[in-house]
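# Descriptive structure summary
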Amino acid sequence: MSVQAQVRRLTAPDLRARKGGEPIVSLTAYTAQMARLIDGVCDFLLVGDSLGMVMQGFESTVPVPLETMIAQGQAVMRGSRRALVVVDMPFGSYEESPQQAFRSAARVLKETGCGAVKLEGGAYMAETIRFLTQRGVPVLAHIGLTPQAINALGSFRAQGRDRESWPGFVADARAVADAGAFAVVVEAVAEPLAREITQSVSIPTIGIGASPACDGQILVIDDLLGLTDRTPKFVRRYAELGAAATQAAQSYADDVRARAFPAPEHTYPERKA
Ligand code: KIV
């Protein structure tokens, strides 16, 4: 028998049951190394398609392929043991039909071993969410600012800035909850709207730039660590690892140029004659 303690991974139903309870903690993770570092403090790790902007330098999430999400989903699963891992469905992999969404989601679940997928969209995606959840695919929905729609929206600015638009966002939240989503990400809306949405649905709301009125929070890990140069206004940077990385590289470069580092005391394995 293994001497390693068995750790039970959190599941979508575990998080669904947290509505109105202890706030849900989540961060994005794209690599095994980062997953290993933050697994113990997060309830779920999102392999977000934000990796297209953060890791790959794209201007939006639109170019990200399903294969990339699967590869990084596998990495995050290898690096974590306890947190639920949710993998984003990238643009173009689910919008066409519920059947297309199921084929993509089934690949994600089978090839990564993750516990749920996330997709963007409100009432207009409810039919697809129902199709997936009735077939064993736990779905995290995503409303408010939906970054995959950047070409239609024109910018990443906050949503619900006029009160007349609020009922539409509340209806979106209700539709995805009724369709079986286990939770819903609410992005870039002001506190009163986030509160109204949170009070209107029986599933947890996970805010990003949507105030503490939500049932949980998510941030892009590179923003929180101070690794990105364009950080959204609502993000608190808990570290400045970007500046620290540049400083470390500079100190190394100085040492290399000055031949100033100690010679290692290697003992190379004896060559066999
Ligand atoms: O892709 C992502 O990282 C996300 C979060 C910002 C919610 O969708």
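Everything below is about the structure shown above.
Please read all numbers here as calculations on a predicted model, not as lab measurements. (Residues numbered from 1 in each chain as written. Predicted model: local features only at pLDDT ≥ 70, side-chain atom pairs only at ≥ 80, totals over all residues. Heavy atoms only, no water.)

A word on the layout of surface pockets. Put simply, the largest pocket is a space of about 970 Å³. Around the largest pocket, the lining comprises 39 residues; the ones closest to its centre are Met53, Phe156, Glu187, Asp223 and Pro232. Elements that contribute at least two residues to the lining of the largest pocket include exactly helix H3 (51-54), strand S4 (116-120), strand S6 (183-187) and strand S8 (216-219). Its residues assigned to classes, the lining of the largest pocket shows 19 nonpolar, nine polar and eleven charged. By volume, the second largest pocket is sized at about 340 Å³. As for the second largest pocket, its lining consists of 18 residues, of which Gly207, Gln217, Ile218, Leu219 and Tyr238 are closest to the centre. The set of elements that each furnish at least two residues to the lining of the second largest pocket consists of strand S1 (24-28), strand S7 (205-208) and S8. Broken down by element, the lining of the second largest pocket gets its largest block of residues, four residues, from S1. Grouping the amino acids of the lining of the second largest pocket by side-chain chemistry returns twelve nonpolar, five polar and one charged. (1 Å grid on protein atoms, 1.4 Å probe; cavity = no way out; pocket = protein on both sides within 12 Å on 5 of 7 lines; lining within 4 Å. Points joined across faces, edges and corners; volume = space filled by probe spheres on them. Helix = DSSP H or I, 4+ residues; strand = E, 2+ residues; numbered from the N terminus. Nonpolar A, V, L, I, M, F, W, Y, C, P; charged D, E, K, R; others polar.)

This paragraph deals with the side chain of Ser80. Looking at where Ser80 falls in the secondary structure, it is placed in the loop between helix H4 (66-79) and strand S3 (84-88). The class for Ser80 is buried, based on a relative accessible area of 4%. If we ignore the near neighbours within four places in the chain, the residues touching Ser80 are Arg9, Ala35, Asp39, Leu45 and Val85. (Buried < 20%, exposed > 50% of the residue type's maximum accessible area, 1.4 Å probe, protein only. Contact = heavy atoms within 4.5 Å.)

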